[in-house]
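Understanding the architecture of this molecule
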Amino acid sequence: MQRFWQELRFRARKLIKQSVVLLIALLTLALSTGFTQVKTTTIPLDNPSEMQPRHVKTEQVTYKGRKALRVTDAAPANVADGIQLVILNQTEFQDGVIEIELTGEPAATAGEGARGFVGVAFRINLDAAKDAAKYECFYLRPTNGRADDQVRRNHTTQYISYPDFPWNRLRKEFPEKYESYVDLVPGEWTKVKIEVRGDKARLYVHDAPQPVLVVNELKQGQGRIALWVGAGTVAHFSNLRVSK
């Protein structure tokens, strides 16, 4: 009889341990899915009422086999980059992931310094009184991607925080820190992903598993997303998705 009760207690302890392990597993699953669930939203680029074009011309086109929004620089001559935007009204954004396919190339009438500047601005806020924007931005210089000059290649990607930290100030005060190389071809579709968390952001290009540019000192807090072009650029944007 004593042996029977010992065996019974042993099986009871074993069953309790298994139940605890199962409970922990279920709680872990609930925490990882139910409480941190990521929602991905496709942002349409064919609804003019949901966009604020600023110093650009926009038009719906089919470009190299896919529907796209063409964005062309229309800012006055000799104006610094940073004001050419298409602000997307329904995109309040602080942390998360932005994915998009885009192209950029110099317009036929662009000056010698044009590079096909194209990118995405985020955490953008407008100062209504000054009619000016503040934002974070990653952008590309597609014509630098395969240039014969290695210095130009090293300046293919760029981070800026407009208006206080434009590219020329960052290059002067922090050489090479906010720029990097990636292989690009002007006018060709390019996949771009931007991960943002707190004061950190990562830029990924071409579905690469590792970022091509890392920023650990973002300046802005929260705001909307905008399509971004620079001087003399003709750009196309398609398949914008936001996860947060």
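Predicted model only: the values in this text are computed from it and were never measured. (Residues numbered from 1 in each chain as written. Predicted model: local features only at pLDDT ≥ 70, side-chain atom pairs only at ≥ 80, totals over all residues. Heavy atoms only, no water.)

**Notes on the overall build of the chain**
The following threshold applies: Secondary structure elements follow DSSP: runs of H or I no shorter than four residues count as helices, runs of E no shorter than two count as strands, and numbering proceeds from the N terminus. Working definition: with a 1.4 Å probe on protein chains only, accessible area under 20% of the residue-type maximum means buried, over 50% means exposed, and in between means partly exposed. Surface accessibility in these figures is a Shrake-Rupley result with a 1.4 Å probe; residues are shielded only by whichever protein chains are displayed.
Per the secondary structure count, the chain includes 3 helices and 15 strands. The buried share among the 244 residues of the chain stands at 40%. Surface accessibility of the chain: about 13,700 Å² in total, with carbon and sulfur atoms responsible for 54%.

**Details of the pattern of salt bridges**
We count it as follows: What counts as a salt bridge is simple: a side-chain nitrogen of Lys or Arg found within 4 Å of a carboxyl oxygen of Asp or Glu.
Overall, the coordinates contain 13 salt bridges when judged by the stated rule. Ionic pairing is found between Glu59 and Arg70, a salt bridge with its closest N-O pair at 3.8 Å. Placement of Glu59 in strand β3 (residues 56-63) and of Arg70 in strand β4 (residues 66-73) is noted, with a sequence separation of 11 residues between them. Given the relative accessible area of 29%, Glu59 is considered partly exposed. Overall, Arg70 belongs to the partly exposed group, its relative accessible area being 23%. Of the charged contacts in the structure, one is a salt bridge between Lys177 and Glu217, with a shortest N-O distance of 3.3 Å. Within this pair, whereas Lys177 is found in the loop between α3 (167-173) and β10 (179-180), its partner Glu217 is found in the loop between β13 (213-215) and β14 (223-229), the two being separated by 40 residues in sequence. Classification of Lys177 as partly exposed rests on a relative accessible area of 42%. Residue Glu217 is classed as partly exposed on the basis of its relative accessible area of 28%. The structure contains a network of salt bridges with shared partners spanning Arg141, Arg171 and Glu179.

**Comments concerning the nonpolar core**
Our working rule: Joining through side-chain atoms within 4.5 Å is the link that ties buried Ala, Val, Leu, Ile, Met, Phe, Trp, Tyr and Cys residues into a set, and such a set is a nonpolar core. Here a residue-residue contact requires only that any non-hydrogen atoms of the pair lie within 4.5 Å.
Formed by 39 residues in total, the largest nonpolar core has its most connected members in Leu88, Phe122, Phe138, Ile194 and Phe237. Top element by residues in this core is strand β15 (residues 233-243). It accounts for 4 residues. Setting aside residues no more than four positions away along its own chain, Leu88 makes contact with Ile43, Leu45, Glu50, Met51, Arg224, Ile225, Ala226, Leu227 and Leu240. Ranked by size, the runner-up nonpolar core spans 13 residues in total, among them Leu85, Phe117, Tyr139 and Ile160.

**What to know about the layout of surface pockets**
Which parts of space are left empty comes out when a probe the size of a water molecule is rolled across the atoms. This is how it is decided: Using protein atoms alone on a 1 Å grid, points that fit a 1.4 Å probe yet trap it form a cavity, whereas open point sets bounded by protein on both sides within 12 Å along at least five of seven lines form a pocket; residues with an atom within 4 Å of a point count as lining. Grid points are joined across faces, edges and corners, and a volume is the space filled by probe spheres set on the points. Three classes are used, and their members are as follows: Ala, Val, Leu, Ile, Met, Phe, Trp, Tyr, Cys and Pro are nonpolar, Asp, Glu, Lys and Arg are charged, and the others, Gly among them, are polar.
Volume-wise, the largest pocket comes out at about 290 Å³. Contributing to the lining of the largest pocket are 17 residues, with Asp81, Tyr139, Arg141, Trp167 and Asn168 lying nearest its centre. Looking at the lining of the largest pocket, the elements with two or more residues in it are β9 (157-162) and α3. Residue contributions to the lining of the largest pocket peak at 3 residues, all from α3. Here the residues of the lining of the largest pocket are counted per class, giving 8 nonpolar, 4 polar and 5 charged.

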